[in-house]
Each structure stands twice: as C-alpha cells, then as structure tokens.
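# Structural features, examined
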Amino acid sequence: AVFLTLQADADAAAEPTPVFAAARLASYADDRLLGRIGMDLGLLDAVLDRRPIRPEERECFYRLLDAAARADQQELIAAARRGEAQFAVEPLFNDPASQRGRLAMLSGHVRRALRVRVDDPDIRRRFGIDHYYELYLYTDDSQGNPLVFCVRELPEGMPTGEGPDYIESVTVPGFFMKSWAYASGQTLADEIDAQDATKAEPPALQVAPLLIGRAPVWHRAEESGSSPAWGAIGGGLFVLILLGLWIWLWRRSKNDRRFTTGVNPSAKVR
C-alpha cells in the first residue's frame with residue numbers, strides 16, 4: 001500500500017488516522033484449505049475461465065505452485081478423505097467458477113508428462129521455482145478429455161514422456177485454478193512466456209481444467225500384482241497342461257484300440 005495522508009478525527013483529542021491506498025486486499029482466510037497453506041486467495045479474483053493464461057493471472061499461477069510445494073502431501077490427501085475435495089470432473093468442466101481454489105483429488109492415466117523449465121529470474125528469486133511438471137490426466141469420467149495438472153515434483157523413478165506408448169497410472173491432489181483454453185500441442189510455459197501481446201489467439205482452442213498440486217501418487221505397474229513376464233509364464237504353463245492332457249488322452253485311446261483288436265474272433269458265447 002501507499003501512504004496518502006493522516007486523516008484528522010472529529011474528536012480533536014484523538015490521534016489522526018493514517019490513510020493508505022492499495023490495488024487490492026490479500027486474503028488468507030483460514031476457513032479455506034488454500035488460505036491455510038499460505039495462498040493469497042485475492043489473486044483468484046482476477047482469473048477468467050475458458051481463456052488462455054492472461055498476464056493478470058501469471059502471479060496467481062506461480063503463487064499456487066509455491067503454496068502447493070509448501071503443502072504437506074499427506075495432509076492434502078487426508079483433507080480429501082475428510083470430504084474437503086472434489087472427486088468428480090463434471091463440475092470442473094461445466095461450472096469452473098464454483099470450483100475456484102477448491103481441492104480436488106483425481107485418479108486416472110497420464111498420457112503426457114513434460115518437464116517445464118522456468119527461466120524468469122524474478123520467479124526463480126522469489127519462489128525458487130526453476131521448473132515444474134505438466135501432466136495431462138485422463139479419468140474414467142472425463143470422456144476422453146484431459147485435465148491438466150501442474151505439479152512441482154514427480155515421485156522418484158516416474159518417467160516423463162508423451163505419445164501412444166506413454167501411460168502412467170496416478171492419483172493427484174491439486175487445487176483448481178481455472179478452465180484453461182489452449183491450442184493443441186501447446187504448454188502453459190509457451191503461453192506464459194509469450195511476449196507478443198498483439199498476437200492473435202491460436203485457432204481451434206481446446207479447454208481443460210487447470211489444477212495445481214505438489215506431486216502425483218504414482219501407481220507403479222508392478223503394484224497391480226501382474227506383469228508381462230508372469231503373464232507369459234502363466235500362458236506357457238497353461239499350454240503345457242493342455243499338451244499333457246492331449247497326450248494322456250491319445251495314449252489312453254490307443255490302449256483302448258489295442259484291447260479291442262486283441263479279442264479272439266472265434267470265441268463264442270456259451
């Protein structure tokens with residue numbers, strides 16, 4: 001805030017009141033989980049849905065990343081289990097304004113995971129953020145549409161990548177920021193780092209819920225109790241069992257034929 005003046009009180013004996021001017025008020029309301037972990041909720045007021053990231057939203061985005069990085073992951077998961085989170089994607093797509101700043105915890109498959117470098121010296125200095133990860137998550141109820149999670153870190157060993165061969169199963173707690181409009185193949189970094197404000201918006205914009213979190217919970221393939229190697233071994237054993245059964249039946253049938261042809265044809269029943 002900027003100091004303006006000392007305002008005299010009607011009571012001449014009273015001390016004058018300092019008067020300041022500020023663009024807005026910062027809010028850290030403790031009745032909301034996001035406020036309790038140190039996020040300025042007032043920054044969410046400038047966010048607009050179904051549009052690209054605007055310059056006015058840049059500060060909100062990085063503040064959310066910083067708050068999520070300082071949050072305890074287990075506390076976020078515990079809060080979700082207490083009912084403080086959204087588990088369905090429909091409101092995030094269809095009623096984004098009502099979900100602003102709310103915790104969500106979603107499970108599905110990541111089909112695109114990118115490491116995004118942050119070169120802005122101001123962001124590096126203030127928040128210590130030199131990179132983050134962008135995850136495109138598909139859930140059972142998203143009807144083939146992705147949700148975009150930006151997270152500060154990945155579990156150890158979780159690979160990044162994209163394309164038809166890349167798929168990882170995860171559960172991600174994160175805070176909903178906005179319904180983000182982006183061009184196919186574009187990343188948030190491409191948009192935030194763009195300096196040409198006069199450039200027309202790219203055609204054929206897609207819309208995806210944008211959420212900010214600390215890290216995904218990675219469900220490794222071996223945790224499901226199955227693997228390609230064990231599947232091949234099981235299939236081989238099944239074939240061997242069928243082959244053994246066929247050999248046993250063939251031998252038994254052969255012995256039956258020998259018994260039948262060994263009967264004396266001249267024998268008579270008395």
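What counts and what doesn't
- Residues numbered from 1 in each chain as written.
- Predicted model: local features only at pLDDT ≥ 70, side-chain atom pairs only at ≥ 80, totals over all residues.
- Heavy atoms only, no water.
- Helix = DSSP H or I, 4+ residues; strand = E, 2+ residues; numbered from the N terminus.
- Contact = heavy atoms within 4.5 Å.
- Pairing = 2+ DSSP bridges.
- Expected span 1.5 Å × (residues − 1).
- Buried < 20%, exposed > 50% of the residue type's maximum accessible area, 1.4 Å probe, protein only.
- Polar contact = N/O pair within 3.5 Å; in protein donor to acceptor, adjacent residues only side chain to side chain.
- Salt bridge = Lys/Arg side-chain N within 4 Å of Asp/Glu carboxyl O.
- pLDDT = per-residue confidence, 0-100.

This paragraph deals with the environment of V170. By the secondary structure assignment, V170 is in strand β8 (residues 168–183). Considered as a pair, V170 and S107 are 63 residues apart in the sequence and their alpha carbons are 5.7 Å apart. Not counting residues within four places of it along the chain, the set of residues in contact with V170 comprises L106, S107, G108, V110, L137, M158, P216, V217, W218 and H219.

Let us now look at the pairing of strand β4 (residues 103–117). Regular strands place their side chains on alternate faces of the sheet. Pairing of strand β3 (residues 85–86) with β4, which is carried by two bridges, proceeds in the parallel orientation. By the bridge assignment for β4, A85 is matched with L103. Taken together, the eight bridges between β4 and β8 define a ladder with antiparallel strand orientation. Paired with M105 across the bridge in β8 is P173. Examined bridge by bridge, β4 and strand β5 (residues 131–138) share eight bridges and lie antiparallel to one another. Note that in β5 the partner of R112 across the bridge is Y136. Direction of pairing for β4 relative to strand β7 (residues 161–162): antiparallel, over a ladder of two bridges.

On to helix α2 (residues 58–70), then. Helix length check: α2, at 13 residues, gives a terminal C-alpha distance of 19 Å against a target of 18 Å (1.5 Å per residue), a fit within 8%. When we look at burial in α2, the residues that qualify are C60, F61, Y62, L64, L65, D66, A67 and A68.

Burial runs high along β8: 15 of the 16 residues are buried. As judged from the three bridges shared by β8 and strand β10 (residues 217–219), these two strands associate in the antiparallel manner. Looking at the pairing, S169 lines up with H219 of β10.

For the rest of this paragraph, the subject is the side chain of T171. For T171, the position within the fold is in strand β8. Here the side chain of T171 touches S107 through a polar contact of 2.6 Å, side chain to side chain. Only 2.8 Å separates the side chain of T171 from the side chain of H219, close enough to count as a polar contact. In contact with T171, not counting residues within four places along its chain, are M105, L106, S107, P216, V217 and H219.

Glancing now at the pattern of salt bridges. Summed over all chains, the structure comprises 16 salt bridges. Across the pair E162 and R112 runs a salt bridge, and its minimum N-O distance is 3.0 Å. In this pair, E162 sits in strand β7 while R112 sits in strand β4, placing the two residues 50 residues apart along the sequence. The exposure class of R112 is buried, given its relative accessible area of 14%. Across the pair D122 and R126 runs a salt bridge, and its minimum N-O distance is 3.1 Å. Residue D122 and its partner R126 are both found in helix α6 (residues 121–127); the two are separated by four residues, about one turn of the helix. Counted as one network, the salt bridges with shared partners bring together E59, R63, D122, R125 and R126.

Below, the discussion takes up the confidence of the model for the protein chain. Residues of the protein chain with pLDDT of at least 70 account for 84%, and the chain-wide mean is 85. Below pLDDT 50 for its whole length, residues 263–270 participates in zero contacts with residues either more than four positions away or in separate chains.

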